Amino acid sequence: MAWYWWVLVVFWMGGFGWAADNVRTALRNRHDRKVQLLEVAKQERLAVEAAQRPPEPVCGCTHHLAKHDKQGRCHERVEVPTAWDENRKPLRYEAGECNCQQYVGPQPLSQVFAEELTDRA
Ligand SMILES: [Zn+2]
Ligand SMILES: [Zn+2]
């Protein structure tokens, strides 16, 4: 085989690889767009659902209203870091109680309660 055949082969392989890359990128872009559309649709659906549902009674301490007592103190068990590394990343944890003093999340407006009121009236 003459030497220039090898040059041709190398060019052809390179060109083929480039074309394959382009096809792959195009496919990936189309896939990404589809995923994005699905994601948007999902978020819209979630937003609609969230608007219809009463807000989750979750406190600022991330714990549910049910974890708080009548005085508002949170009794959820949490992991309290007791040692940190030089990057201020916790190394060790100790079991502790949530420090929350007062529930600050949304109060659940019970629909059952409202219906009972209207029934009595
Ligand atoms: Zn709390
Ligand atoms: Zn808490």
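Residues numbered from 1 in each chain as written. Chains lettered and ligands numbered in written order. Predicted model: local features only at pLDDT ≥ 70, side-chain atom pairs only at ≥ 80, totals over all residues.

A.B. asks: So what exactly am I meant to see when it comes to the overall build of the protein here?
C.D. replies: Within the protein, the secondary structure is distributed over two helices and two strands. For the protein, the sequential pattern of α-helices and β-strands runs α-β-β-α. Counting only residues that meet the buried cut, the protein has 4% of its 121 residues in that class. Long-range contacts, defined here as pairs at least 24 residues apart, represent 44% of the contacts in the protein between residues at least 6 apart. (Helix = DSSP H or I, 4+ residues; strand = E, 2+ residues; numbered from the N terminus. Buried ≥ 20, exposed ≤ 12 C-beta atoms within 10 Å, placed from the backbone. Contact = placed C-beta atoms within 7 Å.)

A.B. asks: Whenever I open this one, the environment of V78 confuses me. Can you help?
C.D. replies: Turning to its location among the elements, V78 is positioned in strand β1 (residues 77–84). On the neighbour-count criterion, V78 (16 C-beta atoms within 10 Å) is partly exposed. Separated by 16 residues in the primary sequence, V78 and E94 place their C-alpha atoms 8.3 Å from one another. Discounting chain neighbours no more than four positions away, the residues touching V78 are G96, E97 and C98.

A.B. asks: How should I be thinking about the environment of A83 in this particular structure?
C.D. replies: Among the structural elements, A83 can be located in strand β1. With 9 C-beta atoms packed within 10 Å, A83 lands in the exposed category. The sequence separation of A83 and Y93 amounts to 10 residues, and the corresponding C-alpha distance is 7.4 Å. Not counting residues within four places of it along the chain, the set of residues in contact with A83 comprises L91 and R92.

A.B. asks: Whenever I open this one, the confidence of the model for the protein confuses me. Can you help?
C.D. replies: Detail in the predicted coordinates should be disregarded across regions flagged by low pLDDT. Averaged over the protein, the pLDDT score is 85; the fraction of residues at 70 or greater is 88%. Taking the mean pLDDT of every element in the protein, the minimum, 54, falls on helix α2 (residues 111–120) and the maximum, 93, on strand β2 (residues 90–97). (pLDDT = per-residue confidence, 0-100.)

A.B. asks: Looking at this structure, how should I read unusual backbone geometry?
C.D. replies: Note: most residues except glycine have negative phi, and most peptide bonds are trans. One non-glycine residue, T62, lies in the positive phi region at around 75 degrees. Mapped onto the elements, T62 comes out in the loop between α1 (3–52) and β1. Here T62 falls in the partly exposed class, since 13 other C-beta atoms lie within 10 Å of it. If you check the backbone angles, R88 has positive phi at about 60 degrees while not being a glycine. Relative to the elements of secondary structure, R88 occurs in the loop between β1 and β2.

A.B. asks: Looking at this structure, I do not really get α1. What am I missing?
C.D. replies: A turn of α-helix holds 3.6 residues, and therefore any two residues three or four places apart point the same way. The terminal C-alpha atoms of α1, which comprises 50 residues, lie 74 Å apart, in line with the 74 Å expected from a rise of 1.5 Å per residue. Across the 50 residues that make up α1, only a small minority, zero, are buried. (Expected span 1.5 Å × (residues − 1).)

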